[in-house]
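# Chain and residue survey
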Amino acid sequence: YGLSNIISVGALDKAGQPLYEHARLWTDDFAPGQNVLSTLPGGSYGYKTGSSQAAAYMTGFIAHRMIKNNQTFVDSKEQLLSMYRKWILSKTDPLF
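Structure report, in brief. (Residues numbered from 1 in each chain as written. Predicted model: local features only at pLDDT ≥ 70, side-chain atom pairs only at ≥ 80, totals over all residues. Heavy atoms only, no water.)

## Re helix H2 (residues 77–90)
Taking 1.5 Å per residue as the helical rise, H2 with its 14 residues ought to reach 20 Å, and the 20 Å between its terminal C-alpha atoms agrees with that figure. Buried positions along H2 lie against strand E2 (29–32) and helix H1 (51–68). (Helix = DSSP H or I, 4+ residues; strand = E, 2+ residues; numbered from the N terminus. Expected span 1.5 Å × (residues − 1). Contact = heavy atoms within 4.5 Å.)

## Observations concerning the packing of H1 against H2
Two elements in contact, H1 and H2, have axes separated by 10 Å at closest approach and are oriented at 95°. When the axis of H1 is compared with that of H2, the two are roughly perpendicular. Seen from H1, the contacting residues are Tyr57, Met58, Phe61, Ile62, Arg65 and Met66; seen from H2, they are Leu80, Leu81, Met83, Tyr84 and Trp87. Of the residues that constitute the contact of H1 with H2, the class distribution is ten nonpolar, no polar and one charged. (Axes fitted to C-alpha atoms, helices over the stretch in contact; angles between N-to-C directions. Parallel < 35°, antiparallel > 145°, perpendicular 65-115°, else oblique. Nonpolar A, V, L, I, M, F, W, Y, C, P; charged D, E, K, R; others polar.)

The values are spatial; any link to function lies outside them.
Spelled out as structure tokens, the structure:
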């Protein structure tokens, strides 16, 4: 999407490939989205697959990094995506 206030996220499978080939056409980036442990109705947990799981993953990552860096504002979605891509390339755990 060409909107500056929306980050579109596609889901990756366990091999790091897009779950949906057409997603390459409209996503800003990708995140894990296959067999992600998630909450389910009724207060239980289970594994889910799809772009909704990937979007939650990226949202959590960005929020965590902003808190860790004491940021309350970013200049652009490009700044957020750059932060995410640097972490992906470094292959380090975002929680440490």
